[in-house]
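Summary of structural features
What follows is each chain in one-letter form.
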Amino acid sequence: MTTLAELIRQGRPAPDHRPWPRATVDAERWRLAGQRLAEGDWTLLSLWGEAAAAHMALRDPQEGMIAVLSLDCTDRRFPSIGALHAPAIRLERTMNDLFGLAPQGAADERPWLDHGRWGHGHPLGDRSEAAAARPYEFLAAEGEGLHQIPVGPVHAGIIEPGHFRFTANGEAVVRLEQRLGYTHKGIDGLMMGADLERAAKLAGRVSGDSTVAYALAFARAAEAALEIAPPARAVWLRALMAEMERLANHFGDIGAICNDASFSVMQAHCQTLREQVLRAANTGFGHRLMRDRILPGGVAADLGSDGIAAIRALVAEARRQFPTLIKLYDNSASLQDRTVSTGVVKPELARRFGCGGYIGRASGRDFDTRRSLPYAPYDQLAFEVTVLTEGDVNARVWIRIREVEQSLALIEQILDRLPAGELRTALPGAGGEGMAMVEGFRGDILAWLRLGADGKVARCHLRDPSWFQWPLLEAAIEGNIVADFPLCNKSFNCSYSGHDL
Amino acid sequence: MHRILFDNLVKGALTEPAPEPEDAALAELAAALQRSARRKLGRSLSIREIDAGSCNGCELEIHALGNPFYDLERFGLRFVASPRHADVLLVTGPVTRNMQTALERTYRATPDPKWVVAAGDCALDGGMFAGGYACLGGVSAAIPVDLHIRGCPPSPLQLLKGLIALLDMDKVRNR
Ligand code: SF4
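The shown structure was predicted, so the numbers you read here are calculated from the model rather than taken from an experiment.

Moving on, we come to helix H6 (residues 211-226) of chain A. Residue and element names in this part refer to chain A. With 16 residues, H6 ought to run about 22 Å at 1.5 Å a step, and its terminal C-alpha atoms sit 22 Å apart, in line with that. Counted residue by residue, H6 has 15 buried out of 16 residues, so it is predominantly covered. Once H6 ends, the next one or two residues include Glu 227, with phi positive near 55 degrees.

Shown next, in the form of C-alpha cells:
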C-alpha cells in the first residue's frame with residue numbers, strides 16, 4: 001500500500017514549504033489519497049483552493065507524518081474528495097464558491113458560503129456574473145407527522161448568526177441541517193496582498209474567542225515560511241496567553257452549558273471566574289482578550305511584575321473556587337439528568353471526521369496538538385490530555401473541567417520558568433511557504449501561508465476546528481428532543497465566524 | 001449545593017462597590033446610568049443584540065455585561081430574545097452582505113420608537129474587513145444608527161458608558 005511519504009516522493013516537490021513537505025501530484029494520486037481517507041487510514045487536515053490549484057493537508061497517524069498534496073487545475077476542475085470522504089464536502093463547496101474550482105463527481109453541488117449576495121460569483125477566481133439568487137434547497141425529510149422548524153440566522157440569545165433547519169416528529173428531532181456562511185467576511189480575499197502586520201491582525205480577527213490561538217497559528221506559519229525563530233521569552237509568553245484564553249473560554253462555556261439546563265448558579269460563578277481571567281489578561285498584556293499581542297517574529301508587549309502578580313492571584317483564586325463548582329456540577333442530579341447521554345457523538349464518527357478539541361476527546365479521539373504535534377514550549381511542559389468515550393454533553397463538560405485544571409498547572413509552570421530576553425526577531429522581507437498547527441481552546445487550528453518575494457501574503461488559508469465539528473452536531477442531535485438542542489449546541493460551541501471566514 | 005448557596009448568602013454580592021480606580025469608575029457609572037434612565041424613561045430598556053457578521057469578540061464583551069461584576073440588569077437594562085420586545089438594537093460586525101437582509105428585517109420588526117447602537121470598530125466602518133466584496137462596511141450602510149461605541153472589542157465599561165450616552169441624548173429621533 002502506498003504510504004503518504006511515497007506519494008510525496010512521487011510528486012513534484014515544493015522546495016520552500018516548511019516544516020512539512022508539499023508536492024504536486026497527478027489526478028490519480030490525488031484520488032488515491034481520497035481513498036486512503038475514505039478507508040480511515042489517514043486524517044484530512046484541510047482542503048483549500050487557489051486560482052489554478054487545489055491543496056489538501058493530510059496526516060498519516062501510523063507514520064506520524066503530515067504532508068500537503070497539490071493538484072494543478074488549469075481547467076478549474078479536480079476530482080472530488082468529498083465524494084469519497086464526507087468531511088471534505090463543505091470545504092469543496094467553499095473552494096467552488098470562492099475560486100470556481102469544481103469538484104468532479106461531487107454528491108452535493110449546492111453553494112456553501114455564497115448566498116448569492118456578493119454581486120458576482122467566484123470572487124477570488126475568475127469573477128463570474130452573479131447567478132440569479134436561487135432559493136437554497138434543504139435536504140428532504142418526508143414522512144407522516146414530520147414538521148420543520150426553521151431557526152435563525154438571528155437567534156434569540158447573544159450569539160453568532162446561522163440557520164438551523166430542524167425536521168421533527170413531535171418533540172424528537174429526525175434531522176438537523178445547518179446552513180452557515182452568514183458571517184462570511186471574505187478574509188481569504190483580504191489577506192491576499194496584505195503585509196505581514198495587517199495579515200496577522202486579520203488572522204487574530206477570524207474568531208474572537210480564539211484571537212490568541214489564531215494569531216499564534218499565523219505567526220508560526222509565517223516564521224516557518226521565513227525560516228526564523230522567535231526569541232525564547234516570546235515563545236513562553238505566547239503559551240501563557242494561549243492558556244489564559246483557554247481558561248477564559250472554558251469557564252465561560254461551562255457556565256453557559258449549565259445555564260442552558262436552567263442551572264444558573266453555575267453560570268454566575270463561572271462568569272465571575274471568566275471575568276477575573278480577562279482582568280488579569282488586561283493587567284498583564286493590556287487587552288482583555290489579548291488581541292494583537294502575538295506577531296510574526298515574537299510578541300508585541302512584555303509581561304511586567306504587575307501582570308505576573310495578577311496572573312498568580314488569578315490562579316490562586318481559581319484553584320480555591322473551581323473545586324467547589326466541580327462538586328456542585330457532579331452532585332446535582334437535576335443537572336446531570338440533562339447532560340448525561342444527551343447529544344452523543346460516536347467515537348467512530350469523531351475519528352472519521354478528524355474531530356479535534358474537547359468534542360473529539362470526549363468521543364475517544366486522543367489528539368491534542370500540544371502533545372501530538374508538540375511545539376515549544378509545550379515540549380518542555382508537563383500536562384495531561386484527558387480522553388473519554390461517552391461522547392455526550394456530560395463528557396464534553398468533564399473534558400473541559402480537566403482542561404481547566406491542566407491550564408492552571410501550565411500557567412504556573414510557565415510563570416515559574418519564564419526566560420528573560422528579547423521579545424521579537426526582525427523579519428526578512430522574503431518569500432516562502434509555511435504551515436502550522438496549534439491547539440486553540442476549541443481544537444486544532446491550521447494555518448497555511450505563501451509569501452511572495454516582496455514579503456506580502458500571496459495566499460493564506462486558515463482552517464478552524466469547527467469545519468470538522470459542525471457536521472457532527474447534526475449527527476449528535478438526532479433522536480434527541482428539540483429542547484435539548486441548546487444544550488448540545490452549547491457543549492459543542494462551534495465557531496460561526498471562524499468557519500465562515 | 002446548599003453549602004454553596006449558603007456561602008453565597010454569607011459572602012454577599014460580588015457586584016462592585018468601590019476601592020480600585022476601575023471599580024470606582026464602575027460605581028460612578030452605575031449611579032449616572034440609574035439617574036438618567038429614571039429621568040428619561042422611568043422604566044426599563046430592552047436591548048436586542050444582533051451579530052451582523054462580527055468576529056464574536058464584541059459578543060463576548062456584551063455577554064460580560066451580565067456577569068456579577070457589571071450586572072447590567074440592576075440598571076433596568078436587559079437583553080431580550082425578540083426584536084418585537086426591544087427598544088434598542090445593539091448591532092455588531094461589519095455587516096456582511098449575507099447578513100444584510102436579516103439585519104434589515106430585524107430592524108423593521110422592532111417597534112418604534114427605537115434606537116440603534118453600533119458596537120465595535122467593525123460596526124462603525126467595517127474595521128479591518130472594510131473594502132472587501134463580502135461586507136457592506138458598517139451598520140449605517142444598512143440601517144440608521146443613533147450611536148457608535150468604538151473598540152475592538154469595546155470593553156464592558158465602554159459599552160456601559162455608551163449606553164449612558166444613549167440615554168442622555170437630548171434629541172432622540174422619533175421614528
Ligand atoms: S470590532 Fe473587533 S471584536 Fe468587534 S467584531 Fe470587529 S474585529 Fe471583532
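Taken together, the contact between chain B and chain A spans 51 residues of the former and 53 residues of the latter. Overall, the association of chain B and chain A removes approximately 4100 Å² of surface from exposure, summing both partners, and the carbon and sulfur fraction of that is 61%. Interface area lost by chain B to chain A is led by B:Asn98, B:Met128 and B:Tyr133, which between them contribute 21%. Counting every contact that joins chain B to chain A gives one salt bridge. A salt bridge links B:Glu61 to A:Arg288, with the nearest nitrogen and oxygen atoms 2.5 Å apart. Counting every contact that joins chain B to chain A gives 20 residue pairs in polar contact (both at pLDDT 80 or more). The set of elements that each furnish at least two residues to the side of chain B that touches chain A consists of helix H1 (2-11), helix H2 (21-40), strand E1 (45-51), helix H3 (57-64) and helix H4 (97-109) of chain B.

Residue and element names in this part refer to chain B. Position of Val 91 among the secondary structure elements: in strand E3 (residues 88-92). Here the alpha-carbon distance between Val 91 and Ala 118, two residues 27 residues apart in the chain, equals 4.9 Å. Among residues more than four places away in sequence, those in contact with Val 91 are Ile 50, Ala 52, Leu 103, Val 116, Val 117, Ala 118, Ala 119, Ala 123, Val 139 and Ile 143.

All names here are of chain A. In the structure shown here, the tally under the stated rule is six cavities of 30 Å³ or more. Here the largest cavity defines a volume of roughly 160 Å³. Considering the residues around the largest cavity, the lining is formed by 19 residues, among which Thr 94, Leu 98, Asp 188, His 461 and Trp 467 are closest to the centre. Going through the elements one at a time, strand E4 (43-50), helix H3 (89-99), strand E18 (457-463) and helix H17 (497-500) are the ones with two or more residues in the lining of the largest cavity. The dominant element in the lining of the largest cavity, judged by the number of residues it contributes, is H3, at five residues. The class makeup of the residues in the lining of the largest cavity is ten nonpolar, five polar and four charged.

Residue and element names in this part refer to chain A. Within this structure, the stated rule accounts for 14 aromatic pairs over all chains. Relative to Phe 166, the ring of Phe 164 has its centre 6.4 Å away and its plane inclined at 50 degrees; by these criteria the two rings are tilted. Comparing Phe 164 with Phe 166, the two get one shared label, buried. Note on Tyr 358 and Phe 441: the rings are 6.3 Å apart at their centroids and 35 degrees apart in plane angle, and the pair reads as tilted. Of this pair, Tyr 358 sits in helix H12 (residues 357-362) while Phe 441 sits in the loop between strand E16 (432-439) and strand E17 (444-451); the two residues are 83 residues apart in sequence, bridging distant segments of the chain.

To continue, consider the pairing of E3(B). Residues and elements named next belong to chain B. Of all five residues in E3, five are buried; the element is thus mostly enclosed. Burial of the side chains of E3 extends over both faces: Val 88, Leu 90 and Thr 92 are buried on one face and Leu 89 and Val 91 on the other. Two elements, E3 and strand E4 (residues 115-119), share five bridges in a ladder whose sense is parallel. Of the residues in E4, the one forming a bridge with Leu 89 is Val 116. Each parallel crossover has a hand, and the one from E3 via H4 to E4 is right-handed.

All names here are of chain A. Taken together, four strands build an open sheet; the order of strands is E2-E16-E17-E18 and the sheet is mixed. Of all the strands in the sheet, just strand E2 (17-18) and E18 have a single pairing partner and so form its edges. Sheet topology places E17 next to E18; six bridges connect them, and they run antiparallel. Counted as the bridge partner of Trp 448 is His 461 from E18. Helix-sheet contacts for H6 involve E2, E16, E17 and E18, and the interaxial angle to E16 is about 145 degrees.

With that out of the way, let us pick up the domain arrangement of chain A. All names here are of chain A. Along its sequence, chain A is organised into domain 1 (4-127) and domain 2 (211-452). For domain 1 and domain 2, the distance between their C-alpha centres works out to 29 Å. Facing the 21 residues of domain 1 at the interface are 20 residues of domain 2. A buried area of about 1700 Å², summed over both sides, lies between domain 1 and domain 2, and 59% of it is on carbon and sulfur atoms. Together, Arg 18, Trp 20 and Arg 59 form the three largest contributors to the area buried by domain 1 at its contact with domain 2, with a combined 31%.

By nearness alone, every residue bordering the ligand is listed as A:Arg205, A:Arg291, B:Ser54, B:Cys55, B:Gly57, B:Cys58, B:Gly120, B:Asp121, B:Cys122, B:Gly151, B:Cys152 and B:Pro153. Site remark: the ligand is flanked by residues from chains A and B. Elements with a minimum of two residues in the shell around the ligand: H3 and helix H5 (121-125) of chain B. Across the shell around the ligand, the residue classes tally to five nonpolar, four polar and three charged.

Cut-offs used in this document
- Residues numbered from 1 in each chain as written.
- Chains lettered and ligands numbered in written order.
- Predicted model: local features only at pLDDT ≥ 70, side-chain atom pairs only at ≥ 80, totals over all residues.
- Heavy atoms only, no water.
- Helix = DSSP H or I, 4+ residues; strand = E, 2+ residues; numbered from the N terminus.
- Expected span 1.5 Å × (residues − 1).
- Buried < 20%, exposed > 50% of the residue type's maximum accessible area, 1.4 Å probe, protein only.
- Contact = heavy atoms within 4.5 Å.
- Buried area = accessible area lost by both parts, 1.4 Å probe.
- Salt bridge = Lys/Arg side-chain N within 4 Å of Asp/Glu carboxyl O.
- Polar contact = N/O pair within 3.5 Å; in protein donor to acceptor, adjacent residues only side chain to side chain.
- 1 Å grid on protein atoms, 1.4 Å probe; cavity = no way out; pocket = protein on both sides within 12 Å on 5 of 7 lines; lining within 4 Å.
- Points joined across faces, edges and corners; volume = space filled by probe spheres on them.
- Nonpolar A, V, L, I, M, F, W, Y, C, P; charged D, E, K, R; others polar.
- Phe/Tyr/Trp six-rings, centres within 6.5 Å; stacked < 30°, edge-to-face > 60°.
- Pairing = 2+ DSSP bridges.
- Right-handed = clockwise from strand over helix to strand, strands pointing away.
- Axes fitted to C-alpha atoms, helices over the stretch in contact; angles between N-to-C directions.
- Domains from an automatic or database assignment.
- Near = heavy atom within 4 Å.

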